[in-house]
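# Architecture at a glance
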Amino acid sequence: MAYENIRREDRNGITFVTVTRPDKLNALNDATIGELQHCFEALAADDAVHAVILTGSGEKAFVAGADIGELARQTPLQARPLALRGQKLMNTVESCPKPVIAAVNGYAFGGGCELALACHFRTASENAVMGLPEVTLGIIPGYGGTQRLPRIVGKGRAMELILTAGRVDAKEAHRIGLVNKVFPQAELLAQTEALVRKILGHAPVAVRFALDAINHGGEMPLHDGLNYEATFFGLLAATDDLKEGMSAFLQKRPAQFTGK
Ligand code: COA
């Protein structure tokens, strides 16, 4: 599939996905959602891809939201499938078996904030501003924001942000745990890549299982989540990488993981 609204670049195991509608501050129109859906399905299935960094083009915006021009035209019958289509994309991003990091390089509002929330964690540039301003438009967050924001920043903060349509700058986003790191804009992608390369230096199967245990186990009752964790822990005992990681530690040398 040829993309018109996003760009995919593969660099040594890390795929950079960039939303490329800078004149509309990378707003998610229907076509962009379709392309991202296709792209993330392909990335999940591509063995050459070990991690993904998602960002927006230009210096102003990550993604300024769902496309309000399109939202304004929706009928009641179209609105629910539209929300489900956006939610499907966010679920696909979140359940990607490889780490997906949002590099929030500017405005991340509405659907853009929800896209960042679906990623496994977020870095931001100093000029980033994030928020869910849907109630100012007569709607509510419909791409997962009411569910994922409280899970990340806590119920009280999410209530306040969504009900007041509050906007947080990068410093505040960092303070409340909405983003993990803040970098000067010129360094955002390089520093995020460095963070991701650190992940890729660790035992690949262990990284995959840890991601799965946090992602899926975290949605289970504690007892079931702990069982899920223990099952992965047991499976890892069968890997060459466990033997290599422990031998390397005992022999005081760097580990050479093979992903087996
Ligand atoms: N949907 C569609 N178009 C959008 C958009 C969105 N969510 N956000 C920005 N754009 C468009 C603007 O309409 C404008 O297009 P135009 O040049 O054809 O008029 C272009 O992007 C630039 O935006 P502009 O508002 O001129 O930039 P700004 O720097 O003055 O303001 C924002 C930036 C992000 C504060 C402002 O664009 C904004 O509030 N956007 C909507 C955010 C929002 O409510 N998102 C949630 C949607 S559910």
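Our subject is the structure listed above.
These remarks concern the structure in this document.

What counts, and at which threshold
- Residues numbered from 1 in each chain as written.
- Predicted model: local features only at pLDDT ≥ 70, side-chain atom pairs only at ≥ 80, totals over all residues.
- Heavy atoms only, no water.
- Near = heavy atom within 4 Å.
- Polar contact = N/O pair within 3.5 Å; in protein donor to acceptor, adjacent residues only side chain to side chain.
- Helix = DSSP H or I, 4+ residues; strand = E, 2+ residues; numbered from the N terminus.
- Nonpolar A, V, L, I, M, F, W, Y, C, P; charged D, E, K, R; others polar.
- Pairing = 2+ DSSP bridges.
- Axes fitted to C-alpha atoms, helices over the stretch in contact; angles between N-to-C directions.
- Core = buried A, V, L, I, M, F, W, Y, C linked by side-chain atoms within 4.5 Å.
- Buried < 20%, exposed > 50% of the residue type's maximum accessible area, 1.4 Å probe, protein only.
- Contact = heavy atoms within 4.5 Å.
- Expected span 1.5 Å × (residues − 1).
- Parallel < 35°, antiparallel > 145°, perpendicular 65-115°, else oblique.

### With respect to the site of the ligand
The environment of the ligand is formed by 16 residues, the closest being Lys-24, Lys-60, Ala-64, Ala-66 and Ile-68. In this structure, Asp-23 approaches the ligand through a main-chain N or O atom, which is 3.4 Å from an oxygen atom. Going through the elements one at a time, helix 2 (68-71) and strand 6 (107-109) are the ones with two or more residues in the shell around the ligand. Here the shell around the ligand is built from residues that sort into 10 nonpolar, one polar and five charged.

### Comments concerning the sheet that holds strand 2 (residues 14-19)
Ordered in space as 1-2-3-5-7-10, the six strands form an open sheet in which the pairing is mixed. Each of the sheet's edge strands pairs with one partner strand only, and the pair in question is strand 1 (6-11) and strand 10 (181-183). Within this sheet the neighbouring strands show an average axis-to-axis angle of 20°, counted without direction. Pairing of strand 2 with strand 3 (residues 51-56), which is carried by six bridges, proceeds in the parallel orientation. The partner of Phe-16 across the bridge, within strand 3, is Ile-53.

### Some words on the nonpolar core
Within the largest apolar cluster, 46 residues are counted, with the highest numbers of intra-cluster contacts made by Leu-36, Leu-115 and Met-130. Apart from residues no more than four positions distant in its own chain, Met-130 is found in contact with Val-104, Ala-108, Phe-109, Cys-113, Ala-116, Arg-122, Gly-166, Arg-167, Val-168, Ala-173, Leu-178 and Val-179. Ile-14, Ile-53, Ile-101 and Phe-121 belong to the second-largest nonpolar core, a separate cluster that totals 11 residues.

### Quick word on helix 1 (residues 30-45)
Taking 1.5 Å per residue, 16 residues should reach 22 Å; helix 1 reaches 23 Å between its end C-alpha atoms and fits that length. For helix 1, every residue scored as buried is listed here: Thr-32, Ile-33, Glu-35, Leu-36, Gln-37, Cys-39, Phe-40 and Leu-43. Tucked inside the fold, the buried residues of helix 1 contact strand 1, strand 2, strand 3, helix 3 (76-94), strand 5 (100-104) and helix 4 (111-118).

### Focus on the packing of helix 9 (residues 204-215) against helix 10 (residues 222-236)
Contact geometry for helix 9 and helix 10: axes closest at 10 Å, N-to-C directions at 170°. Classified by the angle their axes make, helix 9 and helix 10 are roughly antiparallel. Only Tyr-228, Phe-232, Leu-235 and Leu-236 of helix 10 make contact with helix 9, whose side of the interface consists of Val-205, Ala-206, Phe-209, Asp-212 and Ala-213.

### Re the environment of Leu-242
Within the secondary structure layout, Leu-242 lies in helix 11 (residues 240-250). By relative accessible area, which is 31% here, Leu-242 ends up partly exposed. Between the C-alpha atoms of Leu-242 and Gly-259, which are 17 residues apart in sequence, the distance is 9.8 Å.

### Quick word on the sheet that holds strand 9 (residues 167-169)
Taken in spatial order, the four strands of this open sheet run 4-6-8-9, and their pairing is mixed. Of all the strands in the sheet, just strand 4 (61-63) and strand 9 have a single pairing partner and so form its edges. Within this sheet the neighbouring strands show an average axis-to-axis angle of 20°, counted without direction. Sheet analysis places strand 6 next to strand 8 (residues 129-131), joined by three bridges and oriented parallel. Following the sheet pairing, Ala-108 is matched in strand 8 by Met-130.

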